[in-house]
Amino acid sequence: VQVVSPEVPSRNEVRELTNLFEYRLKESKARMSGVCDVRSVIYAMCFNELIRQVTVDCAERGLLLLRIRDEIRMSTDAYKCLYEASVGLGRRKAVEAERGKQDMRDKIKSLQGAKETLLGDVSRLEAKLKAMRRCCQEQQQADHKKYS
């Protein structure tokens, strides 16, 4: 059980708190950038001690700092929730896109098959047209010889 001292903190106590803060950061190997839960805990401990020291000096300031701390925690929790939701949405969209890719591959395969069939029909019809033109031309030449 910790007991709160009613005495106003001295400069030496603040320096000790700073040194303890830096020591704990180094000792715990907290990352200095990005999201780090260890660093967050150490900062929270330090901030709570600062709030305690300010509250001893002026209760109103201490209460205001408590409200600020609580608001920051709520905002941080909301950001975490939003982050987790966005990561989940990103994963769902990636899965949907992957499913969509396979559907598109199947559709492409189907359309390529239909294209090959139609190209075969075009070749067959062009050959038929060429034969009909040749036949028609021969018929015209025969008619021309007949009536000339």
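As a reminder, the structure under discussion sits directly above these lines.
Structure report, in brief. (Residues numbered from 1 in each chain as written. Predicted model: local features only at pLDDT ≥ 70, side-chain atom pairs only at ≥ 80, totals over all residues. Heavy atoms only, no water.)

Right, let's talk about the overall build of the chain for a bit. The secondary structure content of the chain amounts to 3 helices and 0 strands. Reading the secondary structure of the chain in the N-to-C direction produces α-α-α. The principal-axis extents of the C-alpha atoms in the chain amount to approximately 135 × 30 × 25 Å. Looking at the chain as a whole, 9% of its 148 residues are labelled buried. (Helix = DSSP H or I, 4+ residues; strand = E, 2+ residues; numbered from the N terminus. Buried < 20%, exposed > 50% of the residue type's maximum accessible area, 1.4 Å probe, protein only.)

Attention now goes to a nonpolar patch on the surface. On the surface, Leu64, Ile68 and Ile72 cluster together to form a nonpolar patch covering roughly 260 Å² of accessible area. Following the sequence through the fold, Ile68 ends up in helix 3 (residues 59-147). (Patch = residues over 30% accessible without salt bridge, like charges linked within 9 Å, V, L, I, M, F, W, Y side chains within 5 Å. Areas by Shrake-Rupley, 256 points an atom, 1.4 Å probe, with all protein chains shown as cover. Salt bridge = Lys/Arg side-chain N within 4 Å of Asp/Glu carboxyl O.)

Here the focus is the nonpolar core. Counting 7 residues, the largest nonpolar core consists of Leu17, Phe21, Leu25, Ala30, Cys36, Ile42 and Cys46. Elements represented by at least two residues in this core include exactly helix 1 (11-27) and helix 2 (37-57). Looking at this core element by element, the count peaks at 3 residues for helix 1. Every residue in contact with Ile42, bar those within four places of it in the chain, is listed here: Phe21, Arg24, Leu25 and Ser28. (Core = buried A, V, L, I, M, F, W, Y, C linked by side-chain atoms within 4.5 Å. Contact = heavy atoms within 4.5 Å.)

Our next topic: the packing of helix 2 against helix 3. The geometry of a pair of packed helices is captured by two quantities: the angle between their axes and the separation between those axes. Viewed as axis vectors pointing N to C, helix 2 and helix 3 meet at an angle of 160 degrees, and their least axial separation amounts to 7 Å. Relative to helix 3, the element helix 2 lies roughly antiparallel. For the pair helix 2 and helix 3, the contacting residues are Asp37, Ala44, Phe47, Asn48, Ile51, Val54, Thr55 and Asp57 in the first and Ala59, Arg61, Gly62, Leu65, Leu66, Arg69, Arg73 and Lys80 in the second. A class-by-class count of the residues in the contact of helix 2 with helix 3 yields 7 nonpolar, 3 polar and 6 charged. (Axes fitted to C-alpha atoms, helices over the stretch in contact; angles between N-to-C directions. Parallel < 35°, antiparallel > 145°, perpendicular 65-115°, else oblique. Nonpolar A, V, L, I, M, F, W, Y, C, P; charged D, E, K, R; others polar.)

What follows deals with the pattern of salt bridges. The final tally for this structure, using the stated rule, is 5 salt bridges. The partner of Arg52 in a salt bridge is Glu49, and the shortest N-O contact between them spans 2.7 Å. Separated by 3 residues within a single helix, Arg52 and Glu49 lie in helix 2, roughly one turn from each other. For Arg52, a relative accessible area of 24% translates into the label partly exposed. Put simply, Arg69 and Asp70 hold a salt bridge, and the shortest N to O gap is 3.3 Å. Judged by its relative accessible area of 17%, Arg69 falls in the buried class.

To continue, consider the side chain of Arg69. Turning to its location among the elements, Arg69 is positioned in helix 3. Apart from residues no more than four positions distant in its own chain, Arg69 is found in contact with Phe47, Asn48 and Ile51.

Turning our eyes to something else, we now look at helix 3. For the α-helix, the turn length of 3.6 residues means that residues three or four positions removed from each other point alike. Between its first and last C-alpha, helix 3 extends 125 Å over 89 residues, near the 132 Å set by a 1.5 Å rise per residue. Every buried residue of helix 3 is listed here: Gly62, Arg69 and Gly88. Buried residues belonging to helix 3 abut helix 2. (Expected span 1.5 Å × (residues − 1).)

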